[in-house]
Amino acid sequence: MYSQGLIGADGSTEETDRFLEAFQARIDAEEKIEPMDPMPEGYRRTLIRQIGQHAHSEVVGMLPEGNWITRAPSLKRKLALLAKVQDEGGHGLYLYSAAETLGITREQMTDELHSGKAKYSSIFNYPTLSWADMGAVGWLVDGAAIMNQIALCRCSYGPYARAMVRVCAEESFHQRQGYEIMLTLCRGTEAQKKMAQDSLNRLWWPSLMMFGPHDGDSAHSEQSMKWKIKRFSNDALREKFIAATVPQAEFLGLTVPDPDLKWDDGLNGGKGGYAHGDIDWDEFWRVVKGDGVMNRERIAMRKAAWDNGAWVREAALAHAAKRCDTLAAE
Ligand code: BYC
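Cut-off values and rules
Residues numbered from 1 in each chain as written. Predicted model: local features only at pLDDT ≥ 70, side-chain atom pairs only at ≥ 80, totals over all residues. Heavy atoms only, no water. Near = heavy atom within 4 Å. Polar contact = N/O pair within 3.5 Å; in protein donor to acceptor, adjacent residues only side chain to side chain. Areas by Shrake-Rupley, 256 points an atom, 1.4 Å probe, with all protein chains shown as cover. Helix = DSSP H or I, 4+ residues; strand = E, 2+ residues; numbered from the N terminus. Nonpolar A, V, L, I, M, F, W, Y, C, P; charged D, E, K, R; others polar. Contact = heavy atoms within 4.5 Å. Buried < 20%, exposed > 50% of the residue type's maximum accessible area, 1.4 Å probe, protein only. Expected span 1.5 Å × (residues − 1). Salt bridge = Lys/Arg side-chain N within 4 Å of Asp/Glu carboxyl O. Core = buried A, V, L, I, M, F, W, Y, C linked by side-chain atoms within 4.5 Å. Axes fitted to C-alpha atoms, helices over the stretch in contact; angles between N-to-C directions. Parallel < 35°, antiparallel > 145°, perpendicular 65-115°, else oblique.

Draft legend 1. Looking closely at the site of the ligand. Close to the ligand lie 36 residues; Gln53, Lys119, Ser218, His220 and Lys230 are nearest. Between a nitrogen atom of the ligand and a main-chain N or O atom of Met210, the distance comes to 3.4 Å. When the ligand is considered free in solution it has 1000 Å² of accessible area, and contact with the protein chains removes 91% of it. Only α2 (41-60), α4 (75-100), α6 (132-152), α7 (158-186) and α11 (281-288) provide two or more residues apiece to the shell around the ligand. For the shell around the ligand, the residue count by class is 14 nonpolar, 13 polar and 9 charged.

Draft legend 2. Layout of the side chain of Ser122. Position of Ser122 among the secondary structure elements: in the loop between α5 (106-115) and α6. Once residues lying within four places of it in the same chain are set aside, the contact partners of Ser122 are Met209, Phe284, Val287 and Val288.

Draft legend 3. Unusual backbone geometry, seen in detail. Of note, Glu30 is a non-glycine position whose phi angle comes to about 65°, a positive value. With respect to the helices and strands, Glu30 occurs in the loop between α1 (14-28) and α2. Taking the relative accessible area as the measure of exposure, Glu30 reaches 42% and is therefore partly exposed. A positive phi angle is found at Asn268, which is not glycine, with a value near 55°. Turning to its location among the elements, Asn268 is positioned in the loop between β1 (262-264) and β2 (273-275).

Draft legend 4. Structural view of α6. Over its 21 residues, α6 extends 29 Å from the first C-alpha to the last, a length consistent with the 30 Å expected when each residue adds 1.5 Å. Of all the 21 residues making up α6, 18 are buried; the element is thus mostly covered by neighbouring parts of the structure.

Draft legend 5. Molecular detail of the pattern of salt bridges. In this structure the tally under the stated criterion is 18 salt bridges. Between Lys117 and Glu112 there is a salt bridge; the shortest N-O distance is 3.4 Å. With a closest N to O distance of 2.7 Å, Arg238 and Asp235 form a salt bridge. In this pair, Arg238 and Asp235 both sit in helix α10 (residues 234-252), 3 residues apart, roughly one turn of the helix. We classify Arg238 as buried; its relative accessible area is 2%. Here the salt bridges do not stand alone but share partners, grouping Glu65, Lys84, Glu88 and Asp142 into one network.

Draft legend 6. Here's a closer look at the nonpolar core. The biggest cluster of nonpolar side chains holds 50 residues, and the ones touching the most others in it are Trp139, Leu140, Trp204 and Leu252. Contributing elements (two or more residues each) for this core: α4, α6, α7, α8 (190-209), α10 and α11. Filtering out sequence-adjacent residues up to four positions away, Leu252 remains in contact with Trp139, Tyr179, Met182, Leu183, Cys186 and Lys193. Ile33, Ile104, Leu152 and Val167 belong to the second largest nonpolar core, which has 26 residues in total.

Draft legend 7. Quick look at the packing of α7 against α8. Contact pair α7 / α8: the axes reach a minimum separation of 7 Å and the direction vectors enclose 140°. By the angle between their directions, the pair α7 and α8 is classed as oblique. Residues Met182, Leu185 and Cys186 of α7 touch α8, and the partners they reach there are Gln192, Lys193, Met195 and Ala196. Its residues assigned to classes, the contact of α7 with α8 comprises 5 nonpolar, 1 polar and 1 charged.

Note that all results are geometric; they support no functional claim without further evidence.
Structure representation (structure tokens):
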């Protein structure tokens, strides 16, 4: 079924060149690529990597917020947070299913997460220290995720693009519930506003890191944009996020923790934009490579959840096998 995926592996024959050209023509014509379509091996591998990492991010992303469900300040807040965390689990499932259409199994992807071979978003290796972090995660982390994912709704690979439509609708609700928590805190007591400011101080820079390295240091962007897996570069999306989020911080009466941040009319060919300080890239790569504050704990929690759920998977498979036997005997 996936033998087509090997076309182009040696990159040398005329037939291969013709195939690659025809494939690129389909991409340029905005045709969606579907699971049974022939595709270059590099396209397939890039998608497995990105969709797998995206799925892992959703599932690991349940942990920092799951941590606060029992400590939510009211029943309504608890219900909203519970629903949000469940949504993230659902996003992980759509995405694992989309990746499976490319010929990798859920078990293989899980092994890669547990062994550290597959990455997940750096943001989830930061701790959530206060209730205000539930506001800041929704506002900033889901806000950054939407900025990236709206573009992925137009990804050239059909199953990924379609999964993103529902994910984006749910992320919009998440962003709003986060912003509303921030608004409530900022209109509350001095201590509550201070808590909100502290969250923004800790989560602003890690949220900007979610968009990945600068374009010049992004190993995959050029090819991924040619294949229309990615529609915008990492820096372009980061700039859009900053432009959308700074006015929201101002409305809250909070200060973005960047002394170099200022509006500059001359940026973007005269359209204007925010000039800002640079990310601490040493910190980014340290976290991405597994040495953030929470990396070890997050992976240990995921492994424990996988191991503890083994009996459920075994029971479900045994039930399915028995049902097949029964149907075959009828
Ligand atoms: N963290 O060449 P580049 C959510 C890696 S969760 C870790 O630019 P690419 C939510 C990158 O993988 C939503 N690693 O890569 C859930 C690559 O490493 P490998 C998460 C990063 O793929 C719960 C290397 O650096 N969203 O919504 O072209 C609660 C070079 O980078 C990061 C997604 O996953 C990072 N931040 O572009 C709340 C979106 N950045 O594979 C919310 C889907 C880069 O060569 N993913 N790396 O070893 C993407 O759009 C792209 O993969 C990225 C990176 C923009 C992230």
